[in-house]
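# Architecture at a glance
Okay, here's what each chain looks like letter by letter:
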Amino acid sequence: MKLYCLSGHPTLPCNVLKFKSTTIMLDCGLDTTSALYFLPLPLVHSSRLSKLPGWASKDGTVNLEKELKECAGRVFVDSQPEFCLPERELLDLSTVDVILISNYHCMMALPYITEHTGFSGTVYATEPTFQIGRLLMEELVTFMERVPKAQSATCWKNKEIQRMLPGPLKDAVDVWSWKRCYSMQEVNSALSKVQLVGYSQKVELFGAVQVTPLSSGYSLGSSNWIIQSHYEKVSYVSGSSLLTTHPQPMDQSSLKNSDVLILTGLTQIPTANPDGMLGEFCSNLAMTIRAGGNVLVPCYSSGVIYDLLECLYQFMDSANLGTTPFYFISPVANSSLEFSQIFAEWLCQNKQSKVYLPEPPFPHAELIQTNKLKHYPSIHGEFSSEFRQPCVVFTGHPSLRFGDVVHFMELWGKSSLNTIIFTEPDFSYLDALAPYQPLAMKCVYCPIDTRLNFHQVSKLLKEVQPLHVVCPEQYTQPPPAQSHRSDLMLELQPPPMAYRRCSVLGLPFRRRYERIQLQPELAKALVPSEIKPGISVATVSAVLQSKDNKHVLQPVPKPTPVPPSKKRKRLMEEVPELLSPKPLLSGSIPLDAFLASLHKSGITEVKVEETADGHILHLQAEDALIQLEEDATHIVCDNNEPLRTALRDLVLRFLQKL
Amino acid sequence: MPDIKVTPLGAGQDVGRSCILVSVGGKNIMLDCGMHMGYNDDRRFPDFSYITQNGRLTDFLDCVIISHFHLDHCGALPYMSEMVGYDGPIYMTHPTKAICPILLEDFRKITVDKKGETNFFTSQMIKDCMKKVVPLNLHQTVQVDDELEIKAYYAGHVLGAAMVLIKVGSESVVYTGDYNMTPDRHLGAAWIDKCRPDILISESTYATTIRDSKRCRERDFLKKVHETIERGGKVLIPVFALGRAQELCILLETFWYRMNLKAPIYFSTGLTEKANHYYKLFITWTNQKIRKTFVQRNMFEFKHIKAFDRSYADNPGPMVVFATPGMLHAGQSLQIFKKWAGNEKNMVIMPGYCVQGTVGHKILNGQKKLEMEGRATLEVKLQVEYMSFSAHADAKGIMQLIRMAEPRNMLLVHGEAKKMEFLKDKIEQEFSISCYMPANGETTTVTTNPSVPVDISLNLLKREMALGGPLPDPKKPRTMHGTLIMKDSSLRLVSPEQALKELGLSEHQLRFTCRVHLQDPHSDSDTLSRIYSHLKSVLKGYAVQHLPDGTVMVESIVLKVSSSGEDPNLKVILLSWSYQVNENKVFLFILLLFIYFEVKGQVKSPTRHEAIPTLTLI
């Protein structure tokens, strides 16, 4: 069993597990942090961005004025943003049988994997993961295609040139493998390969392996996966949460008794407490609104936004800000809000019971009904005529490189009355803000990451007790910025097996058994004999049938009676029964009892001679010898087949057959 | 021999009060717990005293599963759990869990508040009963206990309807509840995988019907409604609040819009809006088309259909009214029917099945005079139309499901005996499987023949598979040999060698030696070399070795040559082999030697049986 690690990003994993005869990809996350090296894509022409100076090396040898622009001391690539894909050279992706998706954030690279690689397998995901994943991909494509950029910068990627660029561009790795965004057509084609599954549904793969998604408590439809055969169990834990937010709580007990537990998707901000951050979010928001400023919340279109809206729903009235409008702007805003209401089965108990009334599970339905929350596909159209200030705007993309958020940065960045509140943990906020500097607007960083922290995960592991843990190398040492915090890493006995991008790990597994079915007729015909107290054995002679990785033992077919006319021909073909190997023998032969039985079968003239190891029996009338020892019997007799057979059968009577 | 027992307490050769007991692998499961619409007395509920005469059912049942929210499938649930007594788990899907208590409360109100019956379950009992419900998701495998697992499949029929697979070890039963194999305007078609259950328990409401295309029926329906409206008549459509009602509403809504009709459409009180809300929240349970477009346009927001008020029934002019319940046995639909029955311009359209004893059943049978309470008779002049919109599988659909699931046995419930008989014959003919149709209280026993799961050592399996080659020859099956070790409850199949080792036993060697005399003038070692080179050339494909200790080995048969002291030309050849060596090989091998040395005496054709006398010749 092997694990191929195609992504180095701990929360956007992409691993391939080879288990029995199957090749299973676990998630295919897309690392979009590479977009931070690029200039933002404005929706309306921005004179500030277009006036940024081009970059040339100080000595003038390298001039990339067209491709690279300088802003506040940093250099950015002026081109459509590109993303860092999972590694595609480590293994032939066309050999991947299935892809298991754990949550909608971890499937964004799907079109890169399933299209143009020869992939012909199936993708398994829950319905919410599939639907919301589709929305997020659709949104990403719309963001890109809405503002087409003719230029595609490639010169800077040249190794010789990249070396001379200023940091952090200089240190970007694998830049040649970065790819532009996929098209809607590719998204549709990729999603057509998805098969929907429900929690605790047992999915058989080629009869060899069974995979089961379990609730992971992180987002709508998010799952951990169990990959198991009758004897081995691998748990794949990705993006899990023990906090009470909107999704169904995490199923922990099903992870017990794993041989290997692959652990990914822990919190990215282990030092921030989500509840505290939520409080800070609300108070900063209220402060800004009271002062007459606007609040910008860059966010994904699904996930924490539901919790933020619910929190604000309660908070705004109590803070006396009930009239402040919320705007949610995204090409998929409406769909995201609508979809969130129809997945009752996937929600926490509290929300589920609302549906029985029947009421929508999320209070944002009421916010929309009372016109407190309005949603628009983009800043163009209705929004521009309807929007009032001060207001709160939720919009994407959290990288601040594309999407409607770019416009609000340009619009509100110059005033110190306004505030931008970062809630998504995926991007460093300082890097995200870099191309907008100098900036007057206030910046608040309240990352809300509900995924497991190190404390929770070590408790969980103590509970479920896997034999081995595999995790990204980042989890085996404290974060670089807090190198003294040994509590911010995994400390386990035995230590976890760490991986990085392009690692290939051999998992410590020894498969020893396989499940086989004895047909009832065969089972009935078995003759068990007790060898030791409580232990019986039976000799099984049967025909093995293996089909679709399922094994069955059938009784040996009776030889068909040979028609006399074809006797000669038939005799050459040996009947299968006669080919059956003879059993091994065990036990020893008691002399007296053996002599008695010899006597009974008419062999009376026996001379017994004692030897060092046992006895030699001379059958004088028959001119034969039987040598009896503790662990061996030797029958010597010449050309007398009936005698030999008779003696053999006598001996066998005293021995156990295996 | 293990067997599965099935006993219907209701729905055995009948429609109504579905309640089927299944006993499989030592587990007892109750499937559905319904009431009978045709009775108002004790026969209304299944006879639970069959399970036990005294006391609660908890000890006798491992779980109860409800297939969908129709009262003939869940109407007796609070009676069973709260009045008879059952505290174990009750499984149903989320929509069923949401809607079932509303219909139960409705049923209770009609029975207790309107008819004044006592000794009936209370609102509190419905609530207490619902607390015992565990929701089921589609395709989720729910482990009821260590051995019993259940899995729900989509059944169409109504919102949240499910079929269930019940599995204990390798034995399994599928219960379909009510299902529909063709998608309609709001629900999808039932689906199940090839799960090969020991028994498939199927409804058979439309056992003898093969329905024409849905489209024709819809056109017919619209035509009839339209004609009645045109001539100023009123149309009454008795429905159950959830299910057919929504489908027909969608149908009329689009027709009204297309034809620009003005006549009002009403839907009888209360439940409607709530019902439509359930459809909106459980949109994932509707059909593909509705699910796909729900963000843009929710099909369950009707523009032309308004809430009905009792006073509207006397309004002049044409109108269409959907009223509950669907079999005209009580409530608003019956009240309106009484008002409109006397006018031949009016029409009542029965879109679903009516059980015996209900007004609906009577008028469908052409009865023109109805006896009402208080000796009054009601003359039926209005037109009565029957339209099968109820979403049950027809004969074709039932056969289709059998093809999907490939059961070993079939058992029919929820249908009329005569029709079942017909379908039973057809199933037995077409699929060559046994088909049963027990009456209520009658037990069907099916003997199963489960195979025995065993852990085989991977070494043994791999060795065997490698020897068998990639494509085993069915004409020449290979016999595999192993030792089954039974210890506690574990069964392990290992190679005999491994078994000896694991059990700490030593092997007992059994060997045979045989002397053969030959005339050969060469020296001992020469004879041996000649034998070696001869065997080597003749026995292609065998391992023939000449060992330095003066022996020749053919596979594991050892051969030595010595000469007797008296006659140097008389050689004694010692052949030695172990018990495990195939004796045929030994004979064949000895024969070859004889032929080579042209032994004195006659060598007959080399067959196994004749090899023995040849040997004794020397």
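In this text, all values refer to a predicted model and were calculated from it rather than measured experimentally.

## Some words on the environment of Ser586 of chain A
Structurally, Ser586 of chain A can be placed in strand β27 (residues 585-586). Remark: the alpha-carbon pair of Ser586 of chain A and Leu460 of chain A, spanning 126 residues in sequence, is separated by 50 Å. When sequence neighbours within four positions are dropped, the list of residues in contact with Ser586 of chain A reads Leu655, Gln656 and Leu658 of chain A together with Leu500, Leu505, Ser506 and His508 of chain B. Side-chain polar atoms of Ser586 of chain A contact the backbone oxygen of Ser506 of chain B, separated by 3.1 Å.

## Remarks on the environment of Gln477 of chain A
Residue and element names in this part refer to chain A. On the secondary structure map, Gln477 appears in the loop between β20 (468-472) and β21 (497-499). Of the residues examined, Gln477 reaches a relative accessible area of 41% and is grouped as partly exposed. As a C-alpha pair, Gln477 and Glu491 span 14 residues in sequence and 9.0 Å in three-dimensional space. Setting aside residues no more than four positions away along its own chain, Gln477 makes contact with Leu488 and Met489.

## Structural notes on the sheet that holds strand β26 (residues 509-519) of chain B
Taken together, nine strands build an open sheet; the order of strands is β28(A)-β29(A)-β30(A)-β31(A)-β26(B)-β30(B)-β29(B)-β28(B)-β27(B) and the sheet is mixed. The open sheet is flanked by β28 (606-610) of chain A together with β27 (544-547) of chain B, the only strands paired with a single partner. The mean angle between the axes of side-by-side strands here comes to 20 degrees, regardless of whether they run parallel or antiparallel. Summarising the sheet, strand β28 (residues 551-554) of chain B and strand β29 (residues 557-563) of chain B pair through three bridges and their orientation is antiparallel. If you follow Met553 of chain B over to β29 of chain B, its bridge partner there is Val558 of chain B. This element, helix α18 (residues 591-600) of chain A, spans β28, β29 (614-619) and β30 (624-629) of chain A of the sheet and lies at about 10 degrees to β29 of chain A.

## Looking at the side chain of His414 of chain B
Residues and elements named next belong to chain B. Inspection of the secondary structure assignment puts His414 in the loop between β20 (409-413) and α12 (417-431). Among the polar contacts listed, one links the side chain of His414 to the side chain of His73, at a separation of 3.4 Å. Setting aside anything within four residues of it in sequence, one finds His414 in contact with Ala11, Asp14, Val15, Ser18, Asp72, His73, Asp178, Glu203, Ser204, Thr205, His392 and Met420.

## Topic: unusual backbone geometry
Omega for the bond connecting Gln493 of chain A with Pro494 of chain A falls within 30 degrees of zero, at -5 degrees, which places this linkage in the cis form. The residue Pro494 of chain A is located in the loop between β20 and β21 in this model. A cis amide bond, omega -5 degrees, links Thr324 of chain B with the succeeding residue Pro325 of chain B. With respect to the helices and strands, Pro325 of chain B occurs in the loop between β15 (319-323) and α9 (331-340). Of note in this structure, Glu406 of chain B is not a glycine but carries a positive phi near 50 degrees. In this structure, Glu406 of chain B sits in the loop between α11 (395-405) and β20. By relative accessible area, which is 32% here, Glu406 of chain B ends up partly exposed.

## Here we look at the packing of α18 of chain A against helix α19 (residues 641-653) of chain A
Residues and elements named next belong to chain A. Here α18 crosses α19 at 140 degrees, and the two axes come no closer than 10 Å. Between α18 and α19, the angle falls in the class oblique. The crossing of α18 and α19 is right-handed. Residue-level inspection shows Phe594, Ser597 and Leu598 of α18 in contact with α19, the latter providing Leu647, Leu650, Val651 and Arg653.

Here is what the cut-offs are and how they apply
Residues numbered from 1 in each chain as written. Chains lettered and ligands numbered in written order. Predicted model: local features only at pLDDT ≥ 70, side-chain atom pairs only at ≥ 80, totals over all residues. Heavy atoms only, no water. Helix = DSSP H or I, 4+ residues; strand = E, 2+ residues; numbered from the N terminus. Contact = heavy atoms within 4.5 Å. Polar contact = N/O pair within 3.5 Å; in protein donor to acceptor, adjacent residues only side chain to side chain. Buried < 20%, exposed > 50% of the residue type's maximum accessible area, 1.4 Å probe, protein only. Pairing = 2+ DSSP bridges. Axes fitted to C-alpha atoms, helices over the stretch in contact; angles between N-to-C directions. Parallel < 35°, antiparallel > 145°, perpendicular 65-115°, else oblique. Left-handed = near helix turned anticlockwise from the far one by under 90°.

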